[in-house]
Every structure is written in structure tokens, then in C-alpha cells.
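Coordinate inspection notes
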Amino acid sequence: MSKEKLGFDTVKVRGGYNAAEHNNAVSVPIYQTAAFELGNTQRAARLFSFSDSDPIYTRLSNPTVTVLENRVAELDGATGVVALGSGMAAVSYALLNAAGKGGRIISTTRLYGGAVDSFDKIFPNFGIDVDLVKDTNDLYEVEKTIKPDTKAIYVETISNPNSTVTDIEPLAKLAHSYKIPLIVDNTLATPYLLNPFKYGADVIVYSSTKMLNGHGNVIAGLVLESGTFDWANGNFPQFTKPEYFLRDENEISRSILDVFPKNPFTGRIRSIYLNYLGAALSPFDAYLVLLGLETLSERISKQVANTEKIIRYLESNPNVLWVKHPHAKGNAYKELAEKYLPKGAGSVLTFGFKGTQEQYDKFLNSIKLFSYHANIGDARSIIINSPTTTHGELNDKQRNLADLPLETIRLSIGLEDADDLIADLEQAFNTNFN
Ligand SMILES: *Cc1c(COP(=O)(O)O)cnc(C)c1O
């Protein structure tokens, strides 16, 4: 049976795993070990120069983590992948890896709040500047911002929290015409709703804390590469420069591209950033994400269906002023969602209602069923006042650019009965408006 023929749902429960290689265990075993026997000195030399990819030490790789990596790589059609200890590690390592020494990144404030914060708090310390454009679908604005030392464009495919949709295809073309990669955070879409590689994206990052895992019980991240970007195009010396730590048996230094011809981007993240900054994913946490992945399609399709019902309810409520989601009435991203997200535009939305700050507090404090916390993509529905919490570090200018008025409430819709969720919102509105 040829692997190419297996459908998405088969891969999500079986991909990357051959039971015969693991004592015939049906469920992926948790390799709870820090290190692995080296065998003999020749093998040790091969392992430590990355000539052989067997595990040495769980900070670098672990068989349970490898199954997760290979399964998600198969779902997205990646040639290289690395799992990390959080989504933020995935974002930071991917951007550091592309920027190299002192490069620039183009991004937007329409992002996860932590990513926007890191642009001020981390990257300048590495000599890396991030140039923000308001709308990365405005190609003129993006092109104007590209400088000779720009090394990547970074966007979210569906943005957190307003669920704006990136027009990936022309943005990737623009990036490629300047010999730079398009890096996308596909957390809100998941591989079930969207495969960004199909439209020209070069690198995908995930917070697998969110929808990929789906049960709100783990912190995890992933970086994947398409295998089609030319890292030897002259813009990225970090991939072509011979490195002593990658020397072969004859003591000849080799480059990242020599050692990782199919997966230079994630091979470099693993051998440098994961190795020395160390945000390793634990085997137990990898196991939890694998378990969550088994029901990815079923969860996401129900969450998408529930989200449609919540949107219709909010739109029918006379107190609600606006709803932001590609499937809300009059939303500017409807057509892009039809192109890129035919199975649904995700389960995160924002809304605002007529009310004072006091009424907002009263509304949130009256919620009984929704959880009030900072996560998204859980099986349980979540409510939060994003501008003062998850996106609380944004200054006024960044908040305006991000289109996040202070009176924004974010919902992440889970797997409960939609009627119960609607009844909860309704009773919270009634405490204010009846
Ligand atoms: C949560 C989130 C992150 C950060 O992931 P962690 O796993 O919390 O570190 C990055 N991108 C998006 C879109 C997110 O929602």
C-alpha cells in the first residue's frame, strides 16, 4: 500500500508510526528517557556530527516526539519538521533561523499577542528588526517595506483574535521574487482546514497547545518546511557556510545544506536553536498531542459548526454591535475564506456590544459555562477580554493597527452543545440589558 494514497484521516491516526519498530505497541510508547546508548565510538562520532539521526539525548530528539513530528509532517506534506516545547519557541526559533545575523523580518500586528511582544523584547537584542505593516494582504504596502536585508515575511493564516485571512498565494509570490521565504503560523486553521504549502508558503509554525492538541492540557509547538525554498540563493549564508560542528569523519567542515539537504531549515533549528536554547518537547507532552491529533478532523468540524451557530446568535442579538469572523455578515475576508478555507474558517471570533466598561465587566463576570482564560482551541469553549489580557502588552498604536478596540471579547468555540453556549451568552447579556 503506497503512503501517498492514504487520506488525511488515516494519516492523523497512523502516520509516522510503524508498530513493528516499537515492540508492536498499538499506542505510541512514551520513551521517558533523557539519553540513549551510543553503542560504540564510531557510532557516537556519526551521531554527534548529525551524520546519523538516531536519538542521543531527548533535548535534541526522542522517539515519541519523532512520531509526532513525522505525523504532522505527513499531514502537511513537509520535508522537514521539528517539535518544540511551545508555540512561542516555534515562532522565535523560526524567525531567528531565517533572520540570521542582524536581518530584518516583515510582519504585522494582526498576530498572537506574544509574537507581537517578542518583536520588541527579544529580536532587537539579536540585532534583528521587525518591520510591521498594517495589512499584509496589501502587497503594495508589503513590497514598499522590503529592504535589502529583509530575510522573511511572517503572518498568521487565520489571525488571532479577529480571524482575518491571509491571501497566501500572492504574498508568497512577492516574497519569492525577493528571494525570501514566507513563514506562516497556521495554528488557528490546523492542517485540517488549510495546507499553506499548497499556496506557496515555505515554513509553517504551530502552537500545538491549541487546536492540534485540542484538550487544553499541554504546551507544545512545531516548525515544518516545504522543502522547496532555495536557501542557497545568496541571501542566507547561515545555510551554506561550512561549520566545524558539522564536520565529517575526515574532519572536513560541512554546511547545514550539506548535512540536511532535504530539511535545512528545521535541521538548523534542531542543531542550533533547540540544541543551545533548549525548548525541548517532553515525550509525555508529545504523546498527549498525538492523542489529540487522532480526533483532529472530528473536533474541528464540530467546532466550526458550533461557531456558525454562535455567529448567527450574536448577529441576532440587538445589543451586539459587531462580530469579526470570515463568516460574519459583511466580513471583508469572506472571499478569501472561500478560497483558502472551504471546510470552515476556524473557531475563534471576536465581538463587541453596546456597553460601558462596567457592563463589560458585569457581562464577563456573569458567564457560567464558557471558561474564562487565555487559551484557545480547547474542547471547552473559552471567553476572554483579549485587549487587556492576551494582547495586553500592545501599545495604543499597535492595538489600532491590530484592529483591537478595548471593547473586544474573544471566543474560542469548543465541543459543547451550541444551545448551552448560546444560553450562557444570553443569560450574561440579560444581567445587563433586562
Ligand atoms: C498561542 C499561540 C502561540 C504561542 O503558542 P504557545 O504554545 O502558547 O507558546 C503562537 N501563535 C498563535 C497563533 C497562538 O494562538
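Refer to the preceding data block for the structure.
A brief structural summary.

1. Comments concerning the packing of helix α4 (residues 87–99) against helix α10 (residues 264–277)
Running from amino to carboxyl end, α4 crosses α10 at an angle of 115 degrees, the nearest separation of the two axes being 10 Å. Taken together, the axis directions place α4 and α10 in an arrangement best described as roughly perpendicular. Along this stretch, α4 crosses α10, giving a crossing that reads as right-handed. Mapping the contact onto sequence places Y93, A94, L96, N97 and A98 in α4 and F265, R268, I269, Y273, L274 and L277 in α10.

2. Quick word on the packing of aromatic side chains
Counted under the stated rule, the structure contains 22 aromatic pairs. Ring centres of F239 and F265 lie 6.3 Å apart, and the angle between their planes is 20 degrees; this geometry places the pair in the stacked category. Residue F239 is found in the loop between β7 (221–225) and α9 (256–259), and its partner F265 is found in helix α10; the two are separated by 26 residues along the sequence. F265 matches F239 in its accessibility class, with the two residues each being buried. For the pair F353 and F429, a centre-to-centre distance of 5.4 Å together with 80 degrees between the ring planes defines the contact as edge-to-face. One end of the pair, F353, is in strand β9 (residues 348–353); the other, F429, is in helix α16 (residues 418–433), with 76 residues separating them in the sequence. By the burial criterion, F353 is buried, and F429 matches it. The rings of F351, F353, Y360, F363, F429 and F433 are connected pair by pair, giving a single aromatic cluster. Above the face of the F8 ring, K343 is positioned so that its terminal group lies 5.8 Å from the ring centre.

3. Considerations on the nonpolar core
Among the nonpolar cores identified, the biggest contains 105 residues, and V223, L224, F265 and L341 are the most heavily contacted of them. Looking at this core, the element that brings in the most residues is α4, giving nine residues. Here this core gathers at least three residues from each of two domains, domain 1 (8–292) and domain 2 (296–433). F265 has contacts with A94, N97, A98, I183, V203, V223, E225, W231 and F239, leaving out every residue within four places of it along the chain. Counting residues in hydrophobic clusters, the runner-up holds 24 residues, among them Y313, L349, L364 and I422.

Conventions we followed
- Residues numbered from 1 in each chain as written.
- Predicted model: local features only at pLDDT ≥ 70, side-chain atom pairs only at ≥ 80, totals over all residues.
- Heavy atoms only, no water.
- Axes fitted to C-alpha atoms, helices over the stretch in contact; angles between N-to-C directions.
- Helix = DSSP H or I, 4+ residues; strand = E, 2+ residues; numbered from the N terminus.
- Parallel < 35°, antiparallel > 145°, perpendicular 65-115°, else oblique.
- Left-handed = near helix turned anticlockwise from the far one by under 90°.
- Contact = heavy atoms within 4.5 Å.
- Phe/Tyr/Trp six-rings, centres within 6.5 Å; stacked < 30°, edge-to-face > 60°.
- Buried < 20%, exposed > 50% of the residue type's maximum accessible area, 1.4 Å probe, protein only.
- Lys NZ or Arg CZ within 6 Å of the ring centre and 35° of its normal.
- Core = buried A, V, L, I, M, F, W, Y, C linked by side-chain atoms within 4.5 Å.
- Domains from an automatic or database assignment.

On their own, these measurements won't tell you what the molecule is for.
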